[in-house]
Each structure stands twice: as C-alpha cells, then as structure tokens.
Amino acid sequence: MPRNVEIKARVKDLEVVRQRILALRSNAAYDVHPDSLIIKQKDSFFNLPTGKCGKLKLRKMGKLQELIYYNREESSGPKLSSYNKCEVNEDLEKVLTNALGTWGIVEKERKLIMVGQTRVHFDSVVGLGDFVELEVVLNDSQTVEDGQSIAKDLMSHMGVEDEDLISVSYVNMLVKNK
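Reading the values: rules and limits
- For every chain, the first residue of its written sequence is number 1, and the numbers climb from 1 along that sequence.
- Side-chain atom pairs in this predicted model are given and counted only at pLDDT of 80 or more, local residue features only at pLDDT of at least 70, and totals for whole chains, interfaces and linings cover all residues.
- Calculated side-chain values reflect all of the structure's heavy atoms, with hydrogen atoms and water omitted.
- The set of buried Ala, Val, Leu, Ile, Met, Phe, Trp, Tyr and Cys residues whose side-chain atoms join them within 4.5 Å is what this entry labels a nonpolar core.
- Note on exposure labels: buried denotes an accessible area under 20% of the residue type's maximum, exposed denotes more than 50%, and partly exposed covers the range between, all computed with a 1.4 Å probe on protein chains only.
- It only takes one pair of heavy atoms within 4.5 Å for two residues to be counted as in contact.
- As defined here, a cavity is a set of points on a 1 Å grid over the protein atoms alone where a 1.4 Å probe fits but cannot get out. A pocket is an open set with protein on both sides within 12 Å along at least five of seven lines, and residues line them when an atom is within 4 Å of a point.
- Grid points are joined across faces, edges and corners, and a volume is the space filled by probe spheres set on the points.
- We treat two strands as partners when DSSP finds at least two bridges between them.
- Here a helix means four or more residues in a row that DSSP labels H or I, a strand means two or more in a row labelled E, and each is numbered from the N terminus.
- Comment: axis = line fitted to C-alpha atoms, over the contacting stretch for helices; angle = value between 0 and 180 degrees taken between N-to-C directions.
- Think of it as three bins: nonpolar holds Ala, Val, Leu, Ile, Met, Phe, Trp, Tyr, Cys and Pro, charged holds Asp, Glu, Lys and Arg, and polar takes everything else, Gly as well.
- Summarising the geometry, the arc corresponds to the directions from the helix axis toward the C-beta atoms.
- Between Lys or Arg on one side and Asp or Glu on the other, a salt bridge is scored when a side-chain nitrogen of the former is within 4 Å of a carboxyl oxygen of the latter.
- Any angle that falls under 35 degrees is termed roughly parallel, while one over 145 is termed roughly antiparallel, one within 65 to 115 roughly perpendicular, and all others oblique.
- Throughout, a crossing is termed right-handed when the near helix is turned clockwise from the far one, and left-handed when it is turned anticlockwise from it by less than a right angle.

### Section: the nonpolar core
Working step 1: Core analysis: the largest hydrophobic core is formed by 25 residues, its most contacted members being Ile-21, Val-115, Val-120, Phe-122, Val-132, Leu-134 and Met-158.
Working step 2: Sequence-distant contacts of Met-158, defined by excluding residues within four places in its chain, comprise Val-17, Arg-20, Ile-21, Val-120, Val-132 and Leu-134.
Working step 3: Ile-68, Tyr-83, Val-106 and Val-171 belong to the second-largest nonpolar core, a separate cluster that totals 13 residues.

### Some details on empty space enclosed by the protein
Working step 1: Summed over the entire model, instances satisfying the criterion amount to 1 cavity of 30 Å³ or more.
Working step 2: Lining of the largest cavity is provided by Glu-6, Ile-7, Lys-8, Arg-72, Lys-79, Ile-166, Ser-167, Val-168 and Ser-169.

### A look at the sheet that holds strand S1 (residues 3-10)
Working step 1: Spatially, the 8 strands close up into a barrel ordered S1-S5-S4-S3-S2-S6-S7-S8, and their pairing is antiparallel. For this sheet the average axis-to-axis angle between neighbouring strands, irrespective of direction, equals 35 degrees.
Working step 2: The sheet contact formed by S1 and strand S5 (residues 79-87) spans 4 bridges and is antiparallel. Considered in S5, the bridge of Val-5 is made with Leu-80.
Working step 3: Its contacts with the sheet place helix H2 (residues 92-100) against strand S2 (32-46), strand S3 (55-61), strand S4 (64-72) and strand S6 (102-115), and it is angled at close to 40 degrees to S2.
Working step 4: Taken strand by strand, helix H3 (residues 144-158) contacts S1, S5, S6, strand S7 (118-125) and strand S8 (129-137), and its axis lies near 145 degrees from that of S8.

### Here we look at the layout of surface pockets
Working step 1: In this model, the largest pocket occupies a volume close to 470 Å³.
Working step 2: If you trace the largest pocket, you find 29 residues lining it, with Lys-57, Arg-59, Arg-110, His-121 and Glu-135 closest to the centre.
Working step 3: When residues of the lining of the largest pocket are assigned to their parent elements, the largest contribution, 5 residues, is made by S2.
Working step 4: Residues belonging to the lining of the largest pocket are distributed by class as follows: 11 nonpolar, 5 polar and 13 charged.
Working step 5: Taken as a whole, the second largest pocket spans an internal volume of roughly 190 Å³.

### So, helix H4 (residues 170-177)
Working step 1: All of the buried residues in H4 are Tyr-170, Val-171, Met-173 and Leu-174. Buried residues along H4 cover an arc of 160 degrees about the axis, so they all sit on one side.
Working step 2: Along its buried surface, H4 packs onto S1, S2, S3, S6, S7 and S8.

### A word on the pattern of salt bridges
Working step 1: One pass over the structure, following the stated rule, counts 13 salt bridges.
Working step 2: In this structure, Glu-133 and Lys-8 form a salt bridge, with 2.8 Å as the shortest nitrogen-oxygen distance. Residue Glu-133 is found in strand S8, and its partner Lys-8 is found in strand S1; the two are separated by 125 residues along the sequence.
Working step 3: For Glu-133, a relative accessible area of 4% puts it in the buried group.

### What to know about the packing of helix H1 (residues 14-22) against H3
Working step 1: As a packed pair, H1 and H3 sit with axes 8 Å apart at the nearest point and diverge in direction by 120 degrees. In terms of their interaxial angle, H1 and H3 are classed as oblique. Note that H1 runs across H3; the crossing there is right-handed. Of H3, the residues touching H1 (which contributes Val-17, Arg-20 and Ile-21) are Leu-154, His-157 and Met-158.
Working step 2: The residue inventory of the contact of H1 with H3, partitioned by class, reads 4 nonpolar, 1 polar and 1 charged.

Structure below.
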C-alpha cells in the first residue's frame, strides 16, 4: 500500500506561499518543478460499514475519476497516510451512492507543484477558504520520520507555523460547519 506523510494548513495568501515554494528553485538542494497544474476536483465521500476505519471517496477531475481509499490519523502535525486508488468509469458513482450513500462532498480548485518527492497543493476549498497541503510520497526504504523531516523543512520555507496546521480533513470541516 502506498504511503505518504501529510500536513494541511490554513493560509491567508496562497500566492505568497506559492512564491516561497517557487523561490526554492534557486537552491540546488530542492528539485522544484515550477509548472503548476490547475485541477478542479469534486470529492464524494461514501459511508463505510460500521467499524471500518478510513475514508472512501470518488474524485472527479474533468473526465477522469479515481476511487480512493485512505486511512490517516486526525492530528495536526505531519502524519502518515496509507492509501489505494484506481481509475474508474463514470457509472461507479451512481452504484456507490445507491449502495453506500454519501456523507459529504468537497469541491476545490487545486494548484499542484512538485518539490522533489513532495506534492505541494495550493487549495481553494468551496465553503472553507485557502489551504496548503504537503504530501511527501515515501519510497519503500524511507521511514515516517524521514517524511516528517521533509515536511517540516518545507513548512519552514513556506512560513507555515504549527498553529496554522489543521488536524482534520476538508470534508470533516465542512460537515462540522453545517
């Protein structure tokens, strides 16, 4: 099962944080790919059987759809996330909705910049505001601590402080705000 170490933080100005990441291009220690992708995403979260941990979501990105199951701790610092995902056809959403029901929907515009093995997401989430998310993709030989160290280093370059970190997912925040 693939693993990554994640952080999510509320930010006041996404562009300022994005420019801080892009400024790392001048430092040879960072492999910054400045060509950002802009992705509109809609995530539908499905009910899971009682006792089953994690979240199951269907992510729509234009014509592409992915079914993603993930499990991660709800804490504010850099945390391990294990996940599985696969591309699916458009008929699956109706089947899953009828079989399991949904409990939340998240719509966002995401800008993605790669920094080495880290996906840096600049998210504008409908109903919540602006956030930055790091996903340090771990290889088989790396520990969670390795990923946490990478995340903390990038946080410092972005100006993200511990008090900016969010401990729950966007969908949990939206459901709580209802």
